[in-house]
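# Reading the structure
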Amino acid sequence: MGSDQDEKRWPPWLKPLLGTSFFKQCKLHADSHKSECNMYCLDCMNGALCSLCLSYHRDHRVIQIRRSSYHDVIRVSEIQKVLDITGVQTYIINSARVVFINERPQPRPGKGVTNTCEVCDRSLLDSFRFCSLGCKIAGTSSRESRMKRSPDSAGAGDDKGIVASFTPSTPPPTALSYRTAKRRKGIPHRAPLGGLLLEYY
């Protein structure tokens, strides 16, 4: 029941968009210098398109994907016409406000961080809940939200997104590793050259 509600909540093109690889060479127009695939048709949902492919998608809803630090972004002015992006942090890149398409997890938040993405723990401004469109879907879908709120459900589900967010615990130290960790290098000695320099003066 929850999954049916989730399907109705999001437009049918959103999940295919999140799984699409952009900025590859178009197979249909490989001979052209304009063959980089950075467009997506919301009506056809048939993968990344290049600018020459757009002639087959007249009167369709097409959005342009841009890139920032090797991550795909969409301009807010384009995406907010077709999707509610409330709660997703926006960024200004090249004088345009954008949102990231997929998550960009951080190993650990910086010092003094008070707010992080509810899904991947990336540092956020206090007024936002998610760092990307993908994290908003993961964080607001009913099944995944229940799993995230339940502390003992981390290993119970088969959801790859939730399981992948947990790192394996550190194994208990063995007798050998304990001895190795406690071993000292020995007493430090001064270099003999220092004494020679003192005698020289």
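Residues numbered from 1 in each chain as written. Predicted model: local features only at pLDDT ≥ 70, side-chain atom pairs only at ≥ 80, totals over all residues. Heavy atoms only, no water.

With that settled, the discussion passes to the sheet that holds strand β1 (residues 39-41). One open sheet accounts for three strands, arranged β2-β1-β3; its pairing is antiparallel. At either margin of the open sheet sits one strand with a lone partner, and together these are β2 (48-49) and β3 (62-64). As paired strands, β1 and β2 are joined by two bridges and run antiparallel to one another. The residue of β2 that forms the bridge with Met 39 is Leu 49. (Pairing = 2+ DSSP bridges. Helix = DSSP H or I, 4+ residues; strand = E, 2+ residues; numbered from the N terminus.)

With that settled, consider the pairing of strand β5 (residues 71-75). The pairing of strand β4 (residues 66-68) with β5 spans three bridges and is antiparallel. Counted as the bridge partner of Ser 68 is His 71 from β5. With three bridges connecting them, β5 and strand β7 (residues 96-100) associate as antiparallel partners. Within β7, the position partnered with Arg 75 by the bridge is Val 98.

Pairing in this open sheet of four strands is antiparallel, and the strands run β4-β5-β7-β6 from one edge to the other. What marks the edges here is a single partner per strand, and that holds for β4 and β6 (91-93). This sheet shows a mean twist of 55° between the axes of neighbouring strands, independent of strand direction. (Axes fitted to C-alpha atoms, helices over the stretch in contact; angles between N-to-C directions.)

This next bit is on the packing of aromatic side chains. Applying the stated criterion across every chain yields a total of two aromatic pairs. Measuring from centroid to centroid gives 6.2 Å for Phe 22 and Tyr 40, while their planes differ by 70°, and the two rings are edge-to-face. Of the two residues, Phe 22 sits in the loop between α2 (14-18) and β1 while Tyr 40 sits in strand β1, which places them 18 residues apart along the sequence. Residue Phe 22 is classed as buried on the basis of its relative accessible area of 4%. The exposure class of Tyr 40 is buried, given its relative accessible area of 0%. Relative to Phe 100, the ring of Tyr 91 has its centre 5.2 Å away and its plane inclined at 85°; by these criteria the two rings are edge-to-face. Using a relative accessible area of 19% as the deciding quantity, one classes Tyr 91 as buried. (Phe/Tyr/Trp six-rings, centres within 6.5 Å; stacked < 30°, edge-to-face > 60°. Buried < 20%, exposed > 50% of the residue type's maximum accessible area, 1.4 Å probe, protein only.)

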